[in-house]
Amino acid sequence: MKYKKLFDFYNKTLFNGVLIKPMIKLFNSKKYLGLFDGYAEGEYLFCTIKLERLCEKHSTLLHEMVHLYQFQFNHKVNHGKSFKAWRRRIKAKTGIDIK
């Protein structure tokens, strides 16, 4: 399944379709499996999810989607309480641990 279709599937099934569609890019990295970048310009949000080409696509995409959710709904974009709550929810529903 391609990343955009995978994003749409998880957005609908796990996030109730509320996430804005980011630009999804593949990159090569020895340091990161995925990166989230977002910024606001007036009332508009612009977001990019970058995924390392050889990463485990489901868990890494879901990890970055949680950061997108945090950004979009004004939570701190980190691995704190909000992230851990989503991690538990995603693991319970899919069996995927997003670490």
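What counts and how
Residues numbered from 1 in each chain as written. Predicted model: local features only at pLDDT ≥ 70, side-chain atom pairs only at ≥ 80, totals over all residues. Heavy atoms only, no water. Helix = DSSP H or I, 4+ residues; strand = E, 2+ residues; numbered from the N terminus. Phe/Tyr/Trp six-rings, centres within 6.5 Å; stacked < 30°, edge-to-face > 60°. Buried < 20%, exposed > 50% of the residue type's maximum accessible area, 1.4 Å probe, protein only.

**Student:** Help me understand unusual backbone geometry, please; the structure alone is not making it clear to me.
**Tutor:** When glycine is set aside, most residues are seen to have a negative phi, and most peptide bonds are trans. In this structure, Asn74 takes a positive phi of about 60° despite not being glycine. The topology assignment puts Asn74 in the loop between α2 (57-72) and α3 (81-94). The phi dihedral of Lys99 is positive, around 30°, even though this residue is not glycine. With respect to the element layout, Lys99 can be found in the segment after α3.

**Student:** I'm lost on the packing of aromatic side chains in this one. Help?
**Tutor:** Aromatic ring pairs are described here by two measures, namely the spacing of the ring centres and the angle between the planes. Scanning all chains against the criterion turns up seven aromatic pairs. When the ring of Phe15 is compared with that of Tyr69, the centres are 6.1 Å apart and the planes differ by 40°; the resulting orientation is tilted. Here the residue Phe15 occupies a position in the loop between α1 (3-14) and β1 (23-27), and Tyr69 occupies one in helix α2, the gap between them amounting to 54 residues. Its relative accessible area of 2% is what places Phe15 among the buried residues.

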